[in-house]
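# Fold and geometry: a report
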Amino acid sequence: MTARTSDIARAAGVLRAGGLVALPTETVYGLGANAEDPAAVARIFQVKGRPPSHPLIVHIAGAEHLGDWVEEVPATARLLAERFWPGPLTLVLRRGRRVPLEATGGLETVAVRVPDHPVALALLSAFGGGVTAPSANRFGQVSPTTADDVRAELGDAVDFVLDGGRCDVGVESTIVDVTGELPSILRPGGVTREDLEAVLGYPPAVPSTSHVRVPGQHPSHYAPRARVVLVEPEKVIAEAELAQELGHQVGVFLPPSFTDAPVKAHAVVTVPGSMAAYARGLYGFLRELDRQGCDLIVASLPAEEGLGLAIANRLRRAAGPRTTA
Ligand code: TXA
Ligand code: MG
């Protein structure tokens with residue numbers, strides 16, 4: 001199942017030839033291209049159906065290469081890179097000359113990360129350059145956390161899929177902007193706000209969820225086909241049963257404290273009590289309820305601390321208005 005040495009060599013060749021490779025990371029699968037090849041980068045946008053103004057993340061093999069891709073490495077960036085890389089943290093810095101504007105959506109800043117996955121790291125080392133990779137899903141859809149998800153999502157549009165098993169973290173990296181005076185979190189993810197505070201000595205700023213203005217972040221994103229409705233945990237069962245009675249095919253995200261309750265709905269997922277397990281399973285649960293033919297998913301938000309912050313962010317956006325996507 002998992003990629004072999006020959007697969008890594010083949011994938012590196014595909015990247016060198018300007019092709020697209022789906023690669024596993026610890027967060028979600030990425031759709032990778034040679035970061036320095038504008039034509040290959042343009043193909044990513046085409047395959048994803050993503051607007052070209054949406055910036056991509058450049059994946060590199062190690063923190064020691066960061067200086068090659070950015071104009072300068074401020075002390076805070078150095079500190080966070082040393083502490084969290086390889087890992088689910090993306091740093092936004094001033095763009096180095098090497099990064100084409102196609103990869104940054106025209107911005108003078110660039111997002112960079114070192115993924116914590118042996119297959120991704122082997123590919124990055126074998127390839128020797130940077131790999132721009134957004135999540136390997138069509139624009140606005142649920143991110144893939146297995147190689148099968150990627151194949152179901154992109155099929156032949158990708159030249160090669162590297163299989164690295166199920167992603168361990170399950171939600172995307174935390175994006176931290178370190179271009180300003182103080183670091184701020186642009187997207188919550190696998191590295192928690194509490195982890196960042198422990199290293200920085202102060203809490204990084206988190207923009208309020210009501211006015212997310214990060215380029216490439218739409219209110220509706222990470223969305224399954226089924227409509228997602230968020231209610232208080234104690235109202236999940238009643239809301240689901242009512243909608244089911246009204247003729248919907250309802251999928252339920254049952255909060256862990258209600259596991260023994262029978263629910264009259266089309267499909268039920270019991271949400272894990274551990275936030276790490278919940279994050280790991282989240283996108284798979286959404287995909288599974290789609291597969292089972294649900295047209296409505298009733299869920300509640302976890303407490304917004306630790307990984308719960310990233311899970312709540314993805315659920316809110318899965319439930320967001322779809323007109324803008
Ligand atoms: O975990 C992850 O980060 C995954 C894996 C594959 O590495 N990648 C991922 O990429 O989630 P994507 O393209 O789905 O999300 C990247 C987001 C963009 O939507 C954008 O909001 C932000 O990163 N971003 C990228 N460059 C930026 C920049 N220069 N300034 C601000 N935000 C940026
Ligand atoms: Mg994405």
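The residue numbers shown here count from 1 along each chain, following its written sequence. Labels follow written order: the first chain is A, the first ligand is 1, and so on. A pLDDT threshold of at least 70 governs which residues receive local features in this predicted model, and a stricter bar of 80 or more applies before side-chain atom pairs are shown or counted, although totals over entire chains, interfaces and linings include all residues. The side-chain numbers reported here are obtained from all heavy atoms of the structure, hydrogens and water having been left aside.

Keep this limit in mind: UniProt positions are given in the numbering used here, feature names are shortened, and annotations may be inferred rather than shown by experiment.
In the annotation of an unreviewed UniProt entry, the protein chain is listed under the name Threonylcarbamoyl-AMP synthase and assigned to Streptomyces incarnatus. In UniProt, the protein chain has this text filed under Subcellular location (unreviewed entry): "Cytoplasm".

### Re the packing of aromatic side chains
As a reminder of what qualifies: Stacked, edge-to-face and tilted are the three classes for Phe, Tyr and Trp ring pairs, Trp counted by its six-membered ring, which pair at centre distances within 6.5 Å; planes under 30 degrees apart are stacked, over 60 edge-to-face, the rest tilted. Put simply, DSSP marks the helices as runs of H or I at least four residues long and the strands as runs of E at least two long, and each gets a number from the N terminus on. Each residue's exposure class comes from its accessible area (1.4 Å probe, protein chains only) as a fraction of the maximum for that residue type: buried when under 20%, exposed when over 50%, partly exposed otherwise. For a Lys NZ or an Arg CZ to count as sitting over a ring, it must be within 6 Å of the ring centre and within 35 degrees of the ring normal.
Scanning the entire structure with this criterion turns up three aromatic pairs. Judged by centre distance (6.0 Å) and plane angle (85°), the rings of phenylalanine 253 and phenylalanine 285 are edge-to-face. Taken as a pair, phenylalanine 253 in strand E11 (residues 250-254) and phenylalanine 285 in helix H9 (residues 275-291) lie far apart in primary sequence, 32 residues in all. Here the two residues phenylalanine 253 and phenylalanine 285 agree in accessibility, since each one is buried. One residue, arginine 83, lies across the ring of phenylalanine 84, its end atom 4.7 Å from the ring centre.

### Observations concerning the UniProt feature "domain: YrdC-like" (unreviewed entry) in the protein chain
Residues given the UniProt feature "domain: YrdC-like" (unreviewed entry) here are residues 5-191. The span residues 5-191 carries 29% helix and 18% strand; its end-to-end C-alpha distance comes to 29 Å.

### Section: unusual backbone geometry
In this structure, the amide linkage connecting tryptophan 85 to the following residue, proline 86, adopts the cis form with an omega of -10°. Looking at where proline 86 falls in the secondary structure, it is placed in the loop between helix H3 (75-84) and strand E4 (89-94). Although it is not a glycine, tyrosine 222 adopts a positive phi angle of roughly 55°. With respect to the secondary-structure elements, tyrosine 222 resides in the loop between helix H7 (193-200) and strand E10 (227-230).

### Observations concerning the site of ligand 1
Put simply, the rule reads: Working definition: residue near molecule or strand if any one of its non-hydrogen atoms lies within 4 Å of it. Here a polar contact is recorded for every N or O atom pair within 3.5 Å, except that within protein the pair must consist of a potential hydrogen donor and a potential acceptor, and residues adjacent in sequence are included only if both atoms are side-chain atoms. Surface accessibility in these figures is a Shrake-Rupley result with a 1.4 Å probe; residues are shielded only by whichever protein chains are displayed. In this classification, the charged set is Asp, Glu, Lys and Arg, the nonpolar set is Ala, Val, Leu, Ile, Met, Phe, Trp, Tyr, Cys and Pro, and all remaining amino acids, among them Gly, are polar.
Neighbouring residues of ligand 1: 26 residues in total, closest Thr27, Arg50, His59, Ser173 and Arg187. Threonine 109 has a polar side-chain atom sitting 2.9 Å from a nitrogen atom of ligand 1. Expressed as a share of its isolated accessible area of 680 Å², the protein-covered part of ligand 1 is 97%. Listing elements by their share of the shell around ligand 1, those giving two or more residues are strand E3 (57-59), strand E5 (109-113) and strand E9 (184-187). Broken down by element, the residue count for the shell around ligand 1 peaks at four residues, all from E5. Looking at the shell around ligand 1 residue by residue, the class counts come to 14 nonpolar, eight polar and four charged.

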